[in-house]
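Take a look at the letters that make up each chain.
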Amino acid sequence: MTKPLLALSSTISLGQISDQATKAVEMMEMIRTAMLAPTARKAAPNFNLSQLTTLLGIEKGSFAHRLNKGDLPTGALNESGNRREFTLAESRTWIKEYHKDRLRPEGAEAVTISVGNFKGGVGKTTTAMTLAQGLSLRGHRVLVIDTDPQGSLTTLFGILPDTEVEEEDTILPLAMGSETSIRYAIRPTYWDGIDLVAAAPVLFGAEFALPARQTSEDGFEFWNVLHYGIDDVRAEYDVIVIDTPPSLSYTTINAFMASNGIVMPLPPNALDFASAAQFWSLFSDLSNELITKRGLTKEFDFISILLSRVTTDANSAIVRQWIQSTYAEKVLPVEIPKTTVVDTTSIEFGTVYDVNRYDGAAKTFKRARDAYDMFVSYVEASMHSVWRKQVGEVTPKKTKKGSK
């Protein structure tokens, strides 16, 4: 059998690659304009009465009674005048009122969570975005830090890394030492309750700046740069979500060292399972070299494995058993299904939480949304455990009767 021949063009110069890059950026701008028209910017969803009462966990009658008191936002009728709708900001005002007992207690500070995996295509960025959105819909104030030079999470916020993010919008000045607090890079987003530190390709510079400082500055600890950089803002947020590069880079190590917990999205796929095993081995070796041998230590309050992009085939079932046996109690009791809902929203630079109305099967959408809601609830439970520990540490112990 004759093999088909592939006609090769002339060699490709760096200049041609630069031209190709320019075309790709221009195409991204065109796509975003089309997807996000007419404003070319993402807009947060509105919530109808049924959706808001579901978020609040109350009956419509109770909601109507409270609405009449007039002390909370009353929303507005939609263009058709047939239903009342609430903006995201108005909805979050209601949520914070009804979820007072679930919010960060006095004396506690932001719980920092890194979302990481050695491999791309596992749902890492989508997981970080939905976690931030889901927690904001539970009344929490969230800071999202994108440490991946590809800027995929930044793109999900409707911001193009190549053309709309400058060096000073990223963590690079922090890595280079020209800034000591992350505050300079924090910007608001289209989503009420979520602020962002963006990423862009320029962030690759951190992979050179950090080791350079390690060799030239006495006492410098490159792995603690982000940890110290967010200290200044921990008291202003309930949770800080960090999206990391799909590699064990200097910025990934920084993110992990700054975090109370780690969430790893892991599809039940043999190659992804092997990649994750390699990730943990390398991280263990590296942390031993950097931390343990210096007489230091690092403890995480939680590490959660999230089964993502789950299908129902036999091979997935086998790998799920491997994952469960390997990670045991670290595996969250929820699975994120690989559905058309997730794929469609990703194409539109969104998540299930961005959807005002889904044009496909309602059952399919509910399945995906319920899975993410459950995932967020488990992470929120871990946050509460961290807060209880924090408050316990800062609250003076009661002395027993008769003791001095």
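Everything here concerns the structure above.
All values reported here derive from a predicted model rather than from experimental measurement. (Residues numbered from 1 in each chain as written. Predicted model: local features only at pLDDT ≥ 70, side-chain atom pairs only at ≥ 80, totals over all residues. Heavy atoms only, no water.)

### Describing the side chain of aspartate 238
Rule in force here: Labels follow the DSSP assignment, with helices taken as runs of H or I lasting at least four residues and strands as runs of E lasting at least two, numbered in each case from the N terminus. Per-residue accessibility, obtained with a 1.4 Å probe over protein chains only, is compared with the maximum for each type, and a residue is labelled buried under 20%, exposed over 50%, and partly exposed between these values. Residues are treated as being in contact if the distance between any of their heavy atoms lies within 4.5 Å.
Along the polypeptide, aspartate 238 turns up in the loop between helix 10 (225–229) and strand 8 (239–243). Judged by its relative accessible area of 9%, aspartate 238 is buried. Beyond its immediate stretch of four places on either side in the chain, aspartate 238 contacts Arg104, Glu109, Ala110, Val111, Gly139, His140, Arg141, Met383 and Trp387.

### Remarks on the environment of methionine 176
With respect to the helices and strands, methionine 176 occurs in helix 8 (residues 172–176). The spacing of methionine 176 and alanine 209 is 33 residues in sequence and 5.5 Å in space, taken between C-alpha atoms. Excluding residues within four positions of it along the chain, methionine 176 makes contact with Glu167, Ala209 and Arg213.

### Quick word on the nonpolar core
Threshold: What is meant by a nonpolar core is a set of buried Ala, Val, Leu, Ile, Met, Phe, Trp, Tyr and Cys residues, joined one to another through side-chain atoms within 4.5 Å.
The biggest cluster of nonpolar side chains holds 56 residues, and the ones touching the most others in it are Ile113, Val144, Phe157 and Phe375. For this core, the leading source of residues is helix 15 (residues 362–394), giving ten residues. Excluding residues within four positions of it along the chain, valine 144 makes contact with Ala132, Leu153, Phe157, Ile194, Asp195, Leu196, Val197 and Val241. Core analysis: the next-biggest nonpolar cluster, separate from the first, contains 48 residues, Ile145, Val225, Leu226 and Ala258 among them.

### Considering the sheet that holds strand 2 (residues 76–77)
What counts, and what does not: A strand pair is defined by DSSP finding two or more bridges across the two strands. Every angle, taken between N-to-C directions, lies between 0 and 180 degrees, and every axis is a line fitted to C-alpha atoms, over only the stretch in contact when it is a helix.
Here three strands make up an open sheet; going across it, the order is 1-3-2 and the pairing antiparallel. Each edge of the sheet is formed by a strand with only one pairing partner; in this case those strands are strand 1 (47–48) and strand 2. Direction of pairing for strand 1 relative to strand 3 (residues 84–86): antiparallel, over a ladder of two bridges. If you follow asparagine 48 over to strand 3, its bridge partner there is glutamate 85. Where helix 4 (residues 88–98) meets the sheet, its contacts fall on strand 1 and strand 3, and the angle it forms with strand 3 comes to roughly 80 degrees.

### Re helix 13 (residues 314–327)
Which entries qualify depends on this criterion: Given a helix with a known number of residues, its expected span is that number minus one, times 1.5 Å. Polar contact criterion, stated in full: a pair of N or O atoms within 3.5 Å, where within protein one must be able to donate a hydrogen and the other to accept it, and residues adjacent in sequence count only if both atoms are side-chain atoms.
An ideal rise of 1.5 Å per residue puts 20 Å on 14 residues; helix 13 measures up with 20 Å between its terminal C-alpha atoms. Contact partners of the buried residues in helix 13: strand 9 (261–266), helix 12 (270–290), strand 10 (302–310) and strand 11 (331–337). In this structure aspartate 313 caps helix 13, since a side-chain oxygen of it lies 3.1 Å from the backbone nitrogen of asparagine 315. Immediately downstream of helix 13, the backbone of alanine 328 shows phi near 45 degrees, a positive value.

### Considerations on the pattern of salt bridges
Selection rule: Within this document, salt bridges are pairs made up of a side-chain nitrogen of Lys or Arg and a carboxyl oxygen of Asp or Glu, the two lying within 4 Å of each other.
In total, this model carries 19 salt bridges according to the counting rule given. Arginine 66 is the partner of glutamate 97 in a salt bridge, and the nearest nitrogen-oxygen pair spans 3.5 Å. Placement of the pair is glutamate 97 in helix 4 and arginine 66 in helix 3 (residues 60–69), with a sequence separation of 31 residues. With relative accessibility at 26%, the residue glutamate 97 sits in the partly exposed group. Linking aspartate 231 and arginine 234 is a salt bridge whose minimum nitrogen-to-oxygen distance equals 2.7 Å. Of the residues examined, aspartate 231 reaches a relative accessible area of 41% and is grouped as partly exposed.

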